[in-house]
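Residues per chain, in single letters:
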Amino acid sequence: MRVCPSLSPLQTAIAQPRNCSPLNPSVQIHASKQQQNPPTITTKIHLSNLDKLLQKPTPPSDQTKLTSSSSLPSASTNRRLVSPLRLSFQSSSDTNQSEAMSPRSLNHLQQLLSDSEPSPRGNISQNWRKYHGCDNWVGLLDPLDPHLRREILRCGDLVQSAYSTYFSHPPNKVSLSDQSYRVTSSLFATSSVQLPQWFSSVVPWFSTQRSSWIGYVAVCDDEREIRRMGRRDITIVLRGTATCLEWAENFRAGLVPIEPNEKDGAKVECGFWSLYKTPGDNIKSLSASVVTEVQRLLNKYKGEELSITVTGHSLGAALSVLVADELSKCKQDMPPISVFSFGGPRVGNQAFVNRVESRGVKVLRVVNAHDMVTRVPGLLPREHIHEQFEGGWQEQLLERLDGYVHVGRELRVDSRMSPVLRPDADPACCHDLEAYLHLVDGFMATNCPFRVNARRSLVRLLNQQGGNVKQVFISKAKAVHVQLDLSAGKTAIEEQLSHPSSLFSHQRLIESK
């Protein structure tokens, strides 16, 4: 006759079937029909936490619900409890912070390649003058206000439309990314430089013609957008250097007086002034065209709340300042005039800066810290010297040797802060307009990481600056090109990067090259 070994009460309880989680002993044992001694509250909380970590949730008992929050174990206690089980532990706050701030994280890359709007397009009707620069953008630049970021990007996209139009040969009708604006007039700039005849035989005809399409005037015609902005906006848009004659004008760096009879001493770069004031064959000068069209629009919309915005990139940034300066005095009671420029060079001397500022023109210059164009013409940083030695002999000496000074406020971005661009990006990339807009979209404040919810599409940046983009983005784009169906009108890369929320959805975290 076999004798069964005696079992301890704990072994007996384990051997019997139960109706709860194995980690929760606070239940009746049906087989024994007896009540076990209830464990203490601390033990129940301890086991409940372990149960949650093992993803076997059980409904908390009434006694546990009554326990105060002060008796719950801390995060450090949880780490000690989990350590013997070899389970990884990381608090949700630590996880979110690491995912948000690491430029190599999957979460960060997904946000950078999202198809959402880069920044809110909220109603600014009550504060539009502030965003238009009435207070010189005090308190809006560092950190960068999200509504101001949106306005800057809107101006940049209008300049991109000017580039796209010019480089489509023959030039097509201007196609604006912002459908709330309507183009009312085209603008042409004429060079006074005479090139030798043989030069035309070695370069394309459109690079040597004296007069070239350089931009347009547009007006906001969408009633909903007018209500959002709080006014009807008239915008003058100017592209950067594109022809051989425009390059030649850029190197005419001597200072010439704006108005020889004026005693204010205002002078500007000779090449910029030539492109602005020279008429072409049967074509008005850029100056006359802008003034005529703006006056026509002011008369057409007389009585409405109006604003004038002038925007441009590179050469267009320099010409924008000249346009704004002239418009400020072409008519009494002019609407507020502001300039939003990208990668602009210096335009004139200190007297010209004083002239522009005294006329109420507001200028916001977006500058990449590594863009060489923003440091010319001129060889010395006159802006800092003017602040330290205003009116002194040092400033007077530099006025004769190197008189160029920047005008307006500066929003300084840094291409090396981008998680997308290579840190050794070449000078062309540092000056590229799309790179500028990418940096503005990601800028939060000086010395701060790239904005984690920067969501501007990378299609144009990859097409124009592929050699300056980190290899991880190039590799993923190529992988998508292979995997996707190419039956659609767009290429696979364009389609995925325009709506790239899933581009890195199945990839591990990797080191960006």
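See the structure shown above.
Overview of the structure. Being a predicted model, the structure only gives us computed values, none of them experimental.

Describing the pattern of salt bridges
Side-chain pairs of opposite charge can arise where the charged atoms are in close proximity. Per the stated rule, a full pass over the model turns up 25 salt bridges. Across the pair Arg456 and Glu434 runs a salt bridge, and its minimum N-O distance is 2.8 Å. Within this pair, whereas Arg456 is found in the loop between helix H18 (433–442) and helix H19 (459–465), its partner Glu434 is found in helix H18, the two being separated by 22 residues in sequence. Glu434 shares its class with Arg456; the two are buried. Here Arg460 ties to Glu434 by a salt bridge, and the two come within 3.4 Å at their closest N and O atoms. Taken together, the residues Arg460 in helix H19 and Glu434 in helix H18 connect sequence positions 26 residues apart.

Observations regarding the environment of Asp414
If you trace the backbone, Asp414 turns up in the loop between strand S9 (409–413) and helix H17 (427–431). Along the primary structure Asp414 and Ala369 are separated by 45 residues, whereas in three dimensions their C-alpha atoms are 5.3 Å apart. Other than its neighbours up to four places away in sequence, Asp414 contacts Asn368, His370 and Leu439. Reaching out from Asp414, the side chain makes a polar contact with the side chain of His370 at a distance of 2.7 Å. At a separation of 2.9 Å, a polar atom in the side chain of Asp414 contacts the main-chain amide nitrogen of Arg416.

Let's talk about the side chain of Arg231
For Arg231, the position within the fold is in the loop between helix H9 (223–229) and strand S3 (232–238). Although buried, Arg231 forms no salt bridge, and the nearest oppositely charged side chain, Asp233, lies 4.0 Å from it. Here Met229 takes part through its backbone oxygen, which lies 3.3 Å from a polar atom of the side chain of Arg231. Only 2.8 Å separates the side chain of Arg231 from the side chain of Ser307, close enough to count as a polar contact. Not counting the four nearest positions on each side in its chain, Arg231 is found in contact with Ile124, Trp128, His132, Arg154, Ile226, Glu305, Leu306 and Ser307.

Procedures and definitions
For every chain, the first residue of the written sequence is number 1, and numbering continues from 1 along that sequence. Where totals are concerned, whole chains, interfaces and linings use all residues; where local detail is concerned, this predicted model gives features only for residues with pLDDT of at least 70, and gives and counts side-chain atom pairs only at 80 or more. Working from all heavy atoms in the structure, the side-chain values ignore hydrogens and water. For salt bridges, the criterion is a side-chain nitrogen of Lys or Arg within 4 Å of an Asp or Glu carboxyl oxygen. Under the scheme used here, helices are H or I runs from DSSP no shorter than 4 residues and strands are E runs no shorter than 2 residues, and both carry numbers assigned from the N terminus. Each residue is placed in one exposure class: buried if its accessible area under a 1.4 Å probe, protein chains only, is under 20% of its type's maximum, exposed if it is over 50%, and partly exposed if it falls in between. We call two residues in contact when some of their heavy atoms are within 4.5 Å. The term polar contact refers here to a pair of N or O atoms within 3.5 Å; inside protein, the definition further demands a hydrogen-donor-capable atom paired with an acceptor-capable atom, and it admits residues adjacent in sequence only when both atoms are side-chain atoms. Counted as positive: Lys and Arg. Counted as negative: Asp and Glu, with His and the chain ends omitted from the count.

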